[in-house]
Amino acid sequence: MEFFLDTANLSEIKNAQNLGLLDGVTTNPTLLSREGGDWREQAKEICRMVDGPVPVPVSLEVMGETAKEMINEAEDLSKFGKNVVIKIPMTSEGLIATRALTEKKMKTNVTLVFSPLQALLAAKAGATYVSPFVGRLDGISHDGMELISQIRTIFDNYDFSTKILVASIRNPLHVLDSALIGADVATIPYKIISELAKHPLTDQGLAAFKTDWDSLTK
Ligand code: E4P
């Protein structure tokens, strides 16, 4: 499973790169607004930071409401870097834009997906990624991970190549369940990525080894 970082923060991206856990970046207007400043420069800097021999995909979201507006924005955003993936809202106009951008060989990420049928429509439109939001579903007492299982079944039934990108992740269990179900990608906030390596028994074990080593080598 690939790990994308759900952020627009440059230090978090650098830290995940250093950990060797950065397969991609997803941004959205809320994440960019948290960073302040000029969003265009911020987005360009993210694309520059992760560019390399193996380009890391960066999702940048369009905000137009019509397919035409979305396509125009996509043309603009795609100039920010060769690794840009156009993030498109799951609306009828968004599907039209997704199909048009797919025909132009541009990569797309259909976002704000909350039902398996929305995911099916996005796959039929040729989306590169589909982003189901598990945390927001859990937040209204629905089972976010059940949605991921259903999408996995549908995509496998029909051999869709669209990747399932699990979004709105709230805790390490969401990451574990995504991997068990066979999601292609999880986009994870940095705080949760940094928790994944931790276990209290690892800390206790290390402390005990250190104490015993010290007594052995005194
Ligand atoms: C995904 O690409 C989105 O940026 C993100 O996961 C949304 O999550 P939220 O529910 O934390 O806003």
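Within an unreviewed UniProt entry, the label attached to the protein chain reads Probable transaldolase, and the organism entered is Maridesulfovibrio ferrireducens. Of the protein chain, the UniProt comment under Catalytic activity (unreviewed entry) reads exactly: "D-sedoheptulose 7-phosphate + D-glyceraldehyde 3-phosphate = D-erythrose 4-phosphate + beta-D-fructose 6-phosphate". Under Subcellular location (unreviewed entry), UniProt gives the following word-for-word description of the protein chain: "Cytoplasm".

A. Just the UniProt feature "active site" (unreviewed entry) in the protein chain, in detail. Mapped onto the present numbering, the UniProt feature "active site" (unreviewed entry) falls on Lys87. Among the secondary structure elements, Lys87 is positioned in strand β4 (residues 84-89). The buried category is assigned to Lys87, around which 25 C-beta atoms lie within 10 Å. Among all residues touching Lys87, those that are not within four sequence positions of it are Ser59, Leu60, Glu61, Val62, Asn109 and Thr111.

B. Highlighting the sheet that holds strand β1 (residues 2-6). If you trace the eight strands once around the closed barrel, you get β1-β2-β3-β4-β5-β6-β7-β8, paired in parallel fashion. Taking the axes of each pair of neighbouring strands and ignoring which way they run, one obtains an average angle of 30° across the sheet. Across two bridges, strand β6 (residues 129-132) lies against strand β7 (residues 163-166) in parallel orientation. Within β7, the position partnered with Val130 by the bridge is Ile164. On top of the sheet, helix α8 (residues 144-157) reaches β6 and β7; it is set at about 170° to β7, its chief contact.

C. Representation of the pairing of β4 within the structure. Counting buried residues in β4 gives five out of six residues, a clear majority hidden from the surface. Two elements, strand β3 (residues 58-61) and β4, share four bridges in a ladder whose sense is parallel. Pairing of Val58 across the sheet is with Val84, part of β4. For the segment spanning β3, helix α4 (residues 67-77) and β4, crossover handedness is right-handed.

D. Unusual backbone geometry, seen in detail. With phi around 65°, Lys105 is a residue other than glycine that occupies positive phi space. Take Lys105: it is sitting in the loop between α5 (92-103) and β5 (108-113). In this structure, Leu112 takes a positive phi of about 60° despite not being glycine. On the basis of neighbour count, Leu112 is assigned to the partly exposed category, with 19 C-beta atoms found within 10 Å.

E. The arrangement of the packing of α4 against α5 in detail. Running from N to C, α4 and α5 cross one another at 45°; their axes reach a closest spacing of 8 Å. Taken as axis vectors, α4 and α5 run oblique relative to one another. For α4 against α5, the interelement crossing comes out right-handed. Touching Ala67, Met70, Ile71 and Ala74 of α4 are Glu93, Gly94, Ile96, Ala97, Ala100 and Leu101, all from α5. Considering only residue class, the contact of α4 with α5 consists of eight nonpolar, one polar and one charged.

So, how was this worked out
Residues numbered from 1 in each chain as written. Predicted model: local features only at pLDDT ≥ 70, side-chain atom pairs only at ≥ 80, totals over all residues. UniProt positions renumbered as here; feature names shortened; annotations may be inferred. Helix = DSSP H or I, 4+ residues; strand = E, 2+ residues; numbered from the N terminus. Buried ≥ 20, exposed ≤ 12 C-beta atoms within 10 Å, placed from the backbone. Contact = placed C-beta atoms within 7 Å. Pairing = 2+ DSSP bridges. Axes fitted to C-alpha atoms, helices over the stretch in contact; angles between N-to-C directions. Right-handed = clockwise from strand over helix to strand, strands pointing away. Parallel < 35°, antiparallel > 145°, perpendicular 65-115°, else oblique. Left-handed = near helix turned anticlockwise from the far one by under 90°. Nonpolar A, V, L, I, M, F, W, Y, C, P; charged D, E, K, R; others polar.

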